[in-house]
Amino acid sequence: MKMLMKPPSILAITALLLWIVCISQSADEEEWLHDNIQGLSENDGFGPVVHPCFNTTKNQTVTTPEGQKILCLVPSEDDLVKDLEALGGFNRRYTAVTKEQVDMYFEDPFKTDSKPIEWESKFTGKRRRSIHENEERSASDETLERKKRSVSVGVQKCEKKATRTSENFYQLCDECWYITQLPPNKFPRYINEKICGTTGASLMDICAGNTGFCIQKEIIQDLLIQTNQYEKIPSPDPQYSVVYKQVWKPFSQKIRSCCQCQSFTP
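What counts, and where the lines are drawn
- Residues numbered from 1 in each chain as written.
- Predicted model: local features only at pLDDT ≥ 70, side-chain atom pairs only at ≥ 80, totals over all residues.
- Heavy atoms only, no water.
- Pairing = 2+ DSSP bridges.
- Helix = DSSP H or I, 4+ residues; strand = E, 2+ residues; numbered from the N terminus.
- Buried < 20%, exposed > 50% of the residue type's maximum accessible area, 1.4 Å probe, protein only.
- Polar contact = N/O pair within 3.5 Å; in protein donor to acceptor, adjacent residues only side chain to side chain.
- Contact = heavy atoms within 4.5 Å.
- Disulfide = S-S within 2.5 Å.

**Student:** Would you take a moment to explain the sheet that holds strand β5 (residues 175-181) for this structure?
**Tutor:** Note: strands within a sheet are paired through backbone hydrogen bonds, in either parallel or antiparallel orientation. One open sheet accounts for 4 strands, arranged β3-β7-β5-β4; its pairing is antiparallel. Strand pairing shows two members of the sheet lacking a second neighbour, β3 (95-96) and β4 (154-159), which therefore form its edges. Here β4 pairs with β5 via 5 bridges, running antiparallel. The residue bridging Glu159 from the neighbouring strand is Glu175, located in β5.

Shown next, in the form of structure tokens:
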């Protein structure tokens, strides 16, 4: 006897098939998100959704599950330098972008004659030319010397407590010239510091005839830090309808500047 399937059964099977298709598509999307933008938590300011450019470290194209191509851009080094200069935060004596800049511009903080001499001579003629020639020769020699050196990260040199300084005073605390490399999410990455001892720790050394402690002092410099935020910008390429650029924001970076002896008695 031939059995006929009732209409409700057909509807139930159809609904089941649609549910299976939806689950399969959802699984595919979840797998794509896991493989391409794993760990996304930031958004574009419009709710708790993942951003396709999350964790971008270089200019690249990202394809969404819907097949849309999105261009993700990161600021160039020149872009970041311009942003930093606009903040007044790019001081070559204290910050450097590359090791080459460290070698060229970072100076020994123990030197007392690090500032360039600005000639305001009233001499004229041959005497003035001689002064200028000597000045240019001296500057050229100093530049050559900087090019020859290759500074590494960490302790560069130290001045021990009780040693005589160039001004004929005595050093009250152990101090070291220290070059720090910041993590990749900060710009610039190199800072020039003067720290207490070899670690920069305060209250670890007694000074002033056992009446005080060596305290690490700091200055504040505005640098830039990478965020997981992205701003939509006009497309530089017709093949991309959507373009996002990574946002870097200012932050206050402490730069250790000296080790100061402070007495705990009047």
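**Student:** Honestly, the side chain of Thr180 in this entry has me stumped. Any pointers?
**Tutor:** Looking at the element boundaries, Thr180 is found in strand β5. What makes Thr180 buried here is its relative accessible area of 15%. Within polar-contact distance, the side chain of Thr180 engages the side chain of Arg256 at 3.4 Å. Residues within four places of Thr180 in sequence aside, it is in contact with Val153, Arg189, Tyr190, Ile191, Glu193 and Arg256.

**Student:** Before we go on, may I ask you to explain the state of the cysteines in this structure?
**Tutor:** The bond known as a disulfide is covalent and runs between the sulfur atoms of two cysteines. Tallied over the full model, the rule gives 5 disulfides. The disulfide partner of Cys53 is Cys72, and the gap between their sulfur atoms is 2.0 Å. Residues Cys53 and Cys72 are joined by a disulfide whose S-S torsion is about -80°; by sign, that bridge is left-handed. Remark: Cys72 occurs in strand β2 (residues 69-73) and Cys53 occurs in the loop between α1 (7-36) and β1 (60-63); sequence separation between them is 19 residues. Disulfide partner of Cys173: Cys214, at an S-S distance of 2.1 Å.

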